[in-house]
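Summary of the model geometry
One letter stands for each residue in the lines below.
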Amino acid sequence: MSAQHEAGVAAPHRVVILGAGYAGMSAAIQLAARVKGRKDVQVTLVNAQERFTERLRLHMTATGQQVAELSVPQLLEGTGARFVRGWVTAVDADAKIVRIDDDRVLHYDTLVYGLGSLADTAAVPGVEDYAYTLNSAQDAKFLADRLARRDGGTVVVGGSGLTGIESAAEIAERHPELNVVLLGRGEPGAAMNPKAKAYLQSALERLGVQARSGVEVVKVLPDAVELAGGESIAADVFLWTSGTRVSPLAAAAGFAVDERGRIVTDAALRSVSHPQVYAVGDAAAIRQGYGVMHGTCQSGMPTGVHAAVSIVRALKGKQPKPFRFGYYHTAVSLGRHDAVVQFTHPDDSPRRMCLTGRLAVRYKETVTASPWPTYGRMKKMPASGAFWPRGGRFTRVREAR
Ligand SMILES: Cc1cc2nc3c(=O)[nH]c(=O)nc-3n(C[C@H](O)[C@H](O)[C@H](O)COP(=O)(O)OP(=O)(O)OC[C@H]3O[C@@H](n4cnc5c(N)ncnc54)[C@H](O)[C@@H]3O)c2cc1C
């Protein structure tokens, strides 16, 4: 019997949050603020590093730009939440334990799983061996060092999604001495309205990025990439930004996962197989009226907040409410002096309205810089983090399920 039981004090309800990314941080701060001072709830946040990784700025890190040093433990100070630095190596769903660095164990009553996602480096042979990625700040720094050492040559960026576009533009602007080639199946900006797409493509051209669409990378070699059809493109440096994969930990734990390994949630963001586990951010497969959400920061933060609010409701014996979210923008930087912001319908399809140029640069920077101050505000006023577009008719279907 524990000392607490002997003294007649009930053991606290242990909430362990895995991952201090945009979603996990939102969950930790929101929950800690709501249960502050309570002895019956213990909040623990686990992350690989103490430093908060601003993934939204990794293409800046990759081109040698300094980004702010943001400390997770410092932000948690005064909230009562505990920070554990370490690498999560396993979750045992039956024993309700998390293994950290193989040798440490954390017990949980409620788990919030927010370990994020990575570019899919297993999709194409050679990517694991020869490609750079922006999967972590460390990976981005490796690329920055490599680019800084070159005084010419070709950088090929694989994947013409938003990360690929932002990276190609940033590299071309910072390293005019390099040829930058952007390869992808789809056209850059394909999901935007014609005006925004045309603006984005002409900005890439102005920066000297050679964008090629309709191509499929099938193999990566030390100094070239091979395309379907047999063409080979010389690449002194190859950056891979395409696809998403998640940690295999969730599937290994026996949680119900989708074909990408993301935890399948119910309407309240709980695992459909293990209701004491909430899944947030990129690691979760969350269905809305318009389909399964794709991972973004704009949607990840609300999932973390919603999970925290739901946990507090459950502790009070109340039912959690369904999560509803509608997208509102796609903001893309094109180097430091240009950008495009495509406003969207809640299902992420493009509206007619977009911003370009300096106004878009300011908008994009405001959005990129906003998570950290938002967490700071939530510490004092948790309700300040609870506003996001619920998606109206686009997400209403979900409630009827
Ligand atoms: C270059 C780039 C630009 C982007 N731009 C935008 C944008 O403009 N707008 C937008 O909405 N989205 C953007 N995204 C996508 C966005 O960054 C992700 O959707 C978002 O980071 C997901 O948040 P998350 O909390 O789920 O995961 P993450 O932010 O990836 O956080 C996961 C955390 O878990 C930690 N972790 C993972 N595995 C373990 C483990 N086993 N043990 C311990 N810790 C672990 C990681 O270190 C990390 O701290 C961009 C992504 C990139 C790469």
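No experiment lies behind these values; they were computed from the predicted model shown.

1. Let's talk about helix H2 (residues 22-34)
With 13 residues, H2 ought to run about 18 Å at 1.5 Å a step, and its terminal C-alpha atoms sit 18 Å apart, in line with that. Counted residue by residue, H2 has 12 buried out of 13 residues, so it is predominantly covered. For H2, the secondary structure elements touched by its buried residues are strand E1 (13-18), strand E2 (41-47), helix H4 (72-76), strand E7 (110-113), helix H10 (297-315) and helix H12 (371-380).

2. Details of the packing of aromatic side chains
Overall, the coordinates contain 10 aromatic pairs when judged by the stated rule. Through a chain of ring-to-ring contacts, the aromatic side chains of Tyr22, Phe52, Trp372 and Tyr375 assemble into a single cluster.

3. A look at the sheet that holds strand E13 (residues 232-234)
With antiparallel pairing, the 3 strands of this open sheet are ordered in space as E11-E12-E13. Strands at the two margins of the open sheet, each flanked by one partner only, are strand E11 (217-221) and E13. Here the average twist between neighbouring strands, direction ignored, is 20 degrees. Inspection of the sheet shows E11 paired to strand E12 (residues 224-227) by 4 bridges, in the antiparallel sense. By the bridge assignment for E12, Leu221 is matched with Ala224.

4. Some remarks on the nonpolar core
Within the largest apolar cluster, 64 residues are counted, with the highest numbers of intra-cluster contacts made by Met25, Phe255 and Tyr375. Broken down by element, this core gets its largest block of residues, 8 residues, from H2. Discounting residues that sit within four places of it in the chain, Tyr375 has contacts with Gly21, Tyr22, Met25, Ser26, Ile29, Phe52, Leu75 and Met301. Counting residues in each nonpolar core, the second largest holds 30 residues, with Leu58, Leu182, Ala196 and Leu204 among its members.

5. Examining the sheet that holds strand E21 (residues 339-344)
Overall, antiparallel pairing links the 3 strands, which are arranged E20-E21-E22 in an open sheet. One side of each edge strand has no neighbouring strand; the edge strands of this open sheet are strand E20 (329-333) and strand E22 (350-356). Strand-to-strand twist across the sheet, computed as the mean angle between neighbouring axes with direction ignored, equals 15 degrees. Docked against the sheet, helix H8 (residues 194-206) engages E20, E21 and E22, running at close to 160 degrees with respect to E21.

6. Observations concerning H12
If you check which residues of H12 are buried, you get Pro371, Trp372, Thr374, Tyr375 and Met378. Down the axis of H12, the buried set is contained in an arc of 155 degrees. They therefore lie on one face. Residues of H12 that are buried sit in contact with H2, H4, H10 and helix H11 (357-369).

7. Notes on the site of the ligand
Taken together, 28 residues are adjacent to the ligand, and Ala23, Val88, Asp282, Cys297 and Lys364 come closest. The side chain of Asn47 places a nitrogen or oxygen atom 2.9 Å from an oxygen atom of the ligand. Here an oxygen atom of the ligand and a backbone polar atom of Gln298 are 3.3 Å apart. Computed on the free molecule, the ligand has an accessible area of 990 Å², of which 88% lies beneath the protein chains in the complex. Listed by contribution, the elements that provide at least two residues to the shell around the ligand are H2, helix H7 (162-174) and H10.

8. Focus: the confidence of the model for the protein
Across the protein, the average pLDDT comes to 95, with 97% of residues at 70 or higher. In the model, residues 1-5 has pLDDT below 50 throughout and makes 5 contacts with residues more than four positions away in sequence or in other chains.

9. Topic: empty space enclosed by the protein
Any space left empty among the atoms is revealed by the rolling of a water-sized probe across them. Per the stated rule, a full pass over the model turns up 1 cavity of 30 Å³ or more. Taken as a whole, the largest cavity holds about 60 Å³ of empty space. Per-element tally for the lining of the largest cavity: the top contributor is H10, with 3 residues. Looking at the lining of the largest cavity, its residues break down into 3 nonpolar, 6 polar and 2 charged.

10. Side note on the layout of surface pockets
The space that makes up the second largest pocket amounts to roughly 340 Å³. Lining the second largest pocket are 19 residues, with Arg51, Thr61, Val67, Ala137 and Lys141 positioned closest to its centre. When contributions to the lining of the second largest pocket are tallied by element, the ones reaching two or more residues are helix H3 (58-61) and helix H6 (137-149). It is H6 that contributes the most residues to the lining of the second largest pocket, 5 residues altogether.

11. What to know about a positive patch on the surface
A contiguous patch of positive charge, built from Arg34, Lys316, Lys318 and Lys321, is present on the exposed surface. Its place among the elements puts Lys318 in the loop between H10 and E20.

Parameters and conventions
Residues numbered from 1 in each chain as written. Predicted model: local features only at pLDDT ≥ 70, side-chain atom pairs only at ≥ 80, totals over all residues. Heavy atoms only, no water. Helix = DSSP H or I, 4+ residues; strand = E, 2+ residues; numbered from the N terminus. Expected span 1.5 Å × (residues − 1). Buried < 20%, exposed > 50% of the residue type's maximum accessible area, 1.4 Å probe, protein only. Contact = heavy atoms within 4.5 Å. Phe/Tyr/Trp six-rings, centres within 6.5 Å; stacked < 30°, edge-to-face > 60°. Pairing = 2+ DSSP bridges. Axes fitted to C-alpha atoms, helices over the stretch in contact; angles between N-to-C directions. Core = buried A, V, L, I, M, F, W, Y, C linked by side-chain atoms within 4.5 Å. Arc of directions from axis to C-beta. Near = heavy atom within 4 Å. Polar contact = N/O pair within 3.5 Å; in protein donor to acceptor, adjacent residues only side chain to side chain. Areas by Shrake-Rupley, 256 points an atom, 1.4 Å probe, with all protein chains shown as cover. pLDDT = per-residue confidence, 0-100. 1 Å grid on protein atoms, 1.4 Å probe; cavity = no way out; pocket = protein on both sides within 12 Å on 5 of 7 lines; lining within 4 Å. Points joined across faces, edges and corners; volume = space filled by probe spheres on them. Nonpolar A, V, L, I, M, F, W, Y, C, P; charged D, E, K, R; others polar. Patch = residues over 30% accessible without salt bridge, like charges linked within 9 Å, V, L, I, M, F, W, Y side chains within 5 Å. Salt bridge = Lys/Arg side-chain N within 4 Å of Asp/Glu carboxyl O. Lys, Arg positive; Asp, Glu negative; His and termini not counted. Charge placed at Lys NZ, Arg CZ, Asp CG, Glu CD.

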